[in-house]
Amino acid sequence: MKKQEFHKQIASQPRRLLQLQQQADHVQNMKHRDFGQFVAREAVLDEEYWTAAWLRAETHWENRTDDRFADSYKKKFAEQEFNALKRQSETKLGQKSACIVTVKKENANERHIVLKSVVGTLDVSICPFLLGETFPGEKVKAPIFHSTDRKEPKSQYGYIANLCVAKSARRQGIARNMLHFSIDFAVSDGAGQVYVHVHRNNIAAQELYEKIGFKVVELASPQLSRDKMYLLCYRP
Ligand SMILES: CC(C)(COP(=O)(O)OP(=O)(O)OC[C@H]1O[C@@H](n2cnc3c(N)ncnc32)[C@H](O)[C@@H]1OP(=O)(O)O)[C@@H](O)C(=O)NCCC(=O)NCCS
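Examining the pairing of strand E3 (residues 96-104)
- For E3, a buried count of seven out of nine residues is recorded, marking the element as mostly surrounded by other parts of the structure.
- When strand E2 (residues 38-42) meets E3, the two strands line up antiparallel, connected through five bridges. When the sheet's bridge partners are listed, phenylalanine 38 is paired in E3 with lysine 104.
- As defined by bridge partners, E3 adjoins strand E4 (residues 118-128) across eight bridges and the pair is classed as antiparallel. Residue pairing across strands places cysteine 99 opposite aspartate 123, the latter belonging to E4.

Remarks on the nonpolar core
- Judged by nonpolar contacts, the single largest core of 49 residues is most densely connected at Val124, Ile174, Tyr209 and Phe214.
- The greatest single-element share of this core, amounting to eight residues, is contributed by helix H5 (residues 174-188).
- Among all residues touching tyrosine 209, those that are not within four sequence positions of it are Leu163, Leu179, Val196, Val198, Phe214 and Leu232.
- Ranked by size, the runner-up nonpolar core spans nine residues in total, among them Phe129, Phe135, Leu224 and Leu231.

Observations concerning the sheet that holds strand E7 (residues 215-216)
- Read from one edge of the open sheet, eight strands run E1-E2-E3-E4-E5-E6-E8-E7, paired in mixed fashion. Both edges of this open sheet fall to strand E1 (32-35) and E7, since each of them pairs with a single strand only.
- Judged from the four bridges that link them, E1 and E2 form a sheet pairing that is antiparallel. Considered in E2, the bridge of histidine 32 is made with arginine 41.
- In the packing of helix H3 (residues 46-60) onto the sheet, contacts are made with E2, E3, E4 and strand E5 (156-165), and the angle to E4 comes to roughly 100 degrees.

Focus: helix H6 (residues 203-212)
- Listed as buried for H6 are Ala205, Gln206, Leu208, Tyr209 and Ile212. Buried positions in H6, seen along its axis, are confined to an arc of 160 degrees and lie on one side of it. Of the exposed residues in H6, those oriented more than 90 degrees away from the buried face are Ile203, Ala204, Glu210 and Lys211.
- Against E5, H5, strand E6 (191-199) and strand E8 (229-234) lie the buried residues of H6.
- Trailing H6 by a residue or two, glycine 213 shows a phi angle of about 120 degrees, which is positive.

Details of the environment of isoleucine 174
- Structurally, the position occupied by isoleucine 174 is in helix H5.
- Overall, the relative accessible area of 2% leaves isoleucine 174 in the buried class.
- Expressed as a C-alpha distance, the spacing of isoleucine 174 and phenylalanine 38, which sit 136 residues apart in the sequence, is 7.9 Å.
- Apart from the residues within four sequence positions on either side, isoleucine 174 is in contact with Phe35, Phe38, Thr102, Val119, Gly120, Val165 and Ala169.

What counts, and where the lines are drawn
- Residues numbered from 1 in each chain as written.
- Predicted model: local features only at pLDDT ≥ 70, side-chain atom pairs only at ≥ 80, totals over all residues.
- Heavy atoms only, no water.
- Buried < 20%, exposed > 50% of the residue type's maximum accessible area, 1.4 Å probe, protein only.
- Helix = DSSP H or I, 4+ residues; strand = E, 2+ residues; numbered from the N terminus.
- Pairing = 2+ DSSP bridges.
- Core = buried A, V, L, I, M, F, W, Y, C linked by side-chain atoms within 4.5 Å.
- Contact = heavy atoms within 4.5 Å.
- Axes fitted to C-alpha atoms, helices over the stretch in contact; angles between N-to-C directions.
- Arc of directions from axis to C-beta.

The quantities given are spatial measurements derived from coordinates; they are silent on function.
Now the structure itself:
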């Protein structure tokens, strides 16, 4: 189903609209970061997951407008992303993940419906380090005798993925604020540092992460050079 069709379908169901708006009122009490006309917080509604998935699909295909199959690829991509987001929201053993969204605030005259106002999204996970690992993905040999105690302080790290902001809303500080919110989210949940991968050609994202205080992890694996990626780390 296309994004517009989905919006039309929801808009034609007044009870569902009311329910959505009540849930939207409820999310006002959640942990959030308020900046200008936007709020960053955890996604809670299916419709928010769905629009976040669409935003990811649109970003993924934004430079491939000449591809005549782009629309059907986007649709498939969005469906897969939505299912992944729903699965991810179920906490796995030792790992917690959240889909963060930035939504445009309502103003007094215009009651925005949540699903129309998602302008940015990312995933943040809090993961335990494997034994001996000092950064995510480091190849380590496990010693023969080892403890599986995960309660060691700061033995967890935060990991950020799938950051994207709607084209029409860029350069308004949305990514910066979502990242600050996600870092606080991970640190308050016990992460000692926060990591992100970025493509070496993605200068905009590198500038953004650098401004926030992320640094390149010098020790990152040769695989990253082959994939033309950097691993960046933020230490609070
Ligand atoms: C990269 C991206 C997330 C930035 O989102 P954004 O909301 O526009 O970023 P912000 O407004 O918070 O920008 C904060 C800072 O990042 C840097 N920055 C952001 N976009 C930039 C661009 N296109 N070129 C250069 N620097 C840029 C600037 O230093 C900016 O500060 P300034 O506006 O005061 O100069 C957005 O362009 C996007 O979604 N790109 C496609 C997906 C992507 O590349 N994601 C990152 C994957 S690692």
